[in-house]
Amino acid sequence: SEIEKLRAENQKLHLLHDLSKALNQADGYEELTSAVLSTLINKMNVDWGAIGQVLVINQQITNWTVDGQPAKKAQIKKILHKSHTIPLPIEGNEVARSVLRAKPSTDTQDALGKFRIYPLIWGQLPLGVLILPADRIENDHELMVEISEQISIRLGIMQNRLRRARDTAVEEERNRIAIDM
């Protein structure tokens, strides 16, 4: 009915609002990924979620953040920490292929169960990957693509800010050394 459609749209707007708050309040990578997963788990009623960071220089996905119901969280952590680092060649697993293709993957099945992969890409740069169980989000694919884009933007801005801070610190140190000479 129309009322149910309006409720569903209202819930999506609340989810996007809460996610925006979480993204804007986070100061670091771990805080951001934890806040995102907590918001998605609570608002979308999923059992678990995971975000991995792409380290382009090392060609791998690592630094996994996992959240969810305690039993499921422990199980997912155990699976991800066995293969804590996923290599990025295209012949790698489905997570790596999804990141390299910069396209979400639908309903992938392995030791994690049935899940969906949303690559976190900023421009052409792969930043990470969001993995959620497929059963609870099957009707929200477009919403999840939007959400992964928002996460990507925030991660990209955060990386740029850190790079600029590093560059500024190096430049200041060079200037200090030049003055001392």
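Residues numbered from 1 in each chain as written. Predicted model: local features only at pLDDT ≥ 70, side-chain atom pairs only at ≥ 80, totals over all residues. Heavy atoms only, no water.

Attention now moves to the overall build of the chain. Regarding its fold elements, the chain presents five helices and six strands. Listing the helices and strands of the chain from first to last along the sequence gives α-α-β-β-α-β-α-β-β-β-α. Out of the 181 residues in the chain, the part that is buried amounts to 39%. Considering only residue pairs separated by 6 or more positions, the chain has 52% of its internal contacts joining residues 24 or more positions apart. For the chain, the exposed area adds up to about 10600 Å²; of that, 51% sits on carbon and sulfur atoms. (Helix = DSSP H or I, 4+ residues; strand = E, 2+ residues; numbered from the N terminus. Buried < 20%, exposed > 50% of the residue type's maximum accessible area, 1.4 Å probe, protein only. Contact = heavy atoms within 4.5 Å. Areas by Shrake-Rupley, 256 points an atom, 1.4 Å probe, with all protein chains shown as cover.)

Bringing the side chain of T65 into the picture now. The topology assignment puts T65 in strand β2 (residues 60–68). Within the structure, the side chain of T65 is placed 2.9 Å from the side chain of T33, a separation counted as a polar contact. Residues within four places of T65 in sequence aside, it is in contact with Y29, T33, S34, L37, G49, A50 and I51. (Polar contact = N/O pair within 3.5 Å; in protein donor to acceptor, adjacent residues only side chain to side chain.)

Moving on, we get to helix α2 (residues 29–44). Here α2 contains 16 residues, and its C-alpha end-to-end distance of 22 Å stays within 8% of the 22 Å for a straight helix at 1.5 Å per residue. Those residues of α2 not exposed but buried are Y29, L32, T33, V36, L37, T39, L40, I41 and M44. Tucked inside the fold, the buried residues of α2 contact α1 (2–25), β1 (48–55), β2, β6 (125–133) and α5 (141–180). Residue N45 follows α2 closely and has a positive phi angle near 60 degrees. (Expected span 1.5 Å × (residues − 1).)

Take the packing of α2 against α5 next. Relative to each other, α2 and α5 sit at 165 degrees, their axes nearing to 11 Å. When the interaxial angle is binned, α2 and α5 end up roughly antiparallel. Viewed along their axes, α2 and α5 form a crossing whose handedness is right-handed. Between α2 and α5, the contacting residues are Y29, L32, V36, L40 and M44 on the first element and L143, M144, I147, I151, R154, L155 and M158 on the second. (Axes fitted to C-alpha atoms, helices over the stretch in contact; angles between N-to-C directions. Parallel < 35°, antiparallel > 145°, perpendicular 65-115°, else oblique. Left-handed = near helix turned anticlockwise from the far one by under 90°.)

The next point concerns the nonpolar core. Core analysis: the largest hydrophobic core is formed by 25 residues, its most contacted members being L40, L130, M144 and I151. Contributions of two or more residues to this core are made by α1, α2, β5 (113–122), β6 and α5. It is α2 that contributes the most residues to this core, seven residues altogether. Apart from residues no more than four positions distant in its own chain, M144 is found in contact with L40, M44, Y118, L130, L132 and I137. (Core = buried A, V, L, I, M, F, W, Y, C linked by side-chain atoms within 4.5 Å.)

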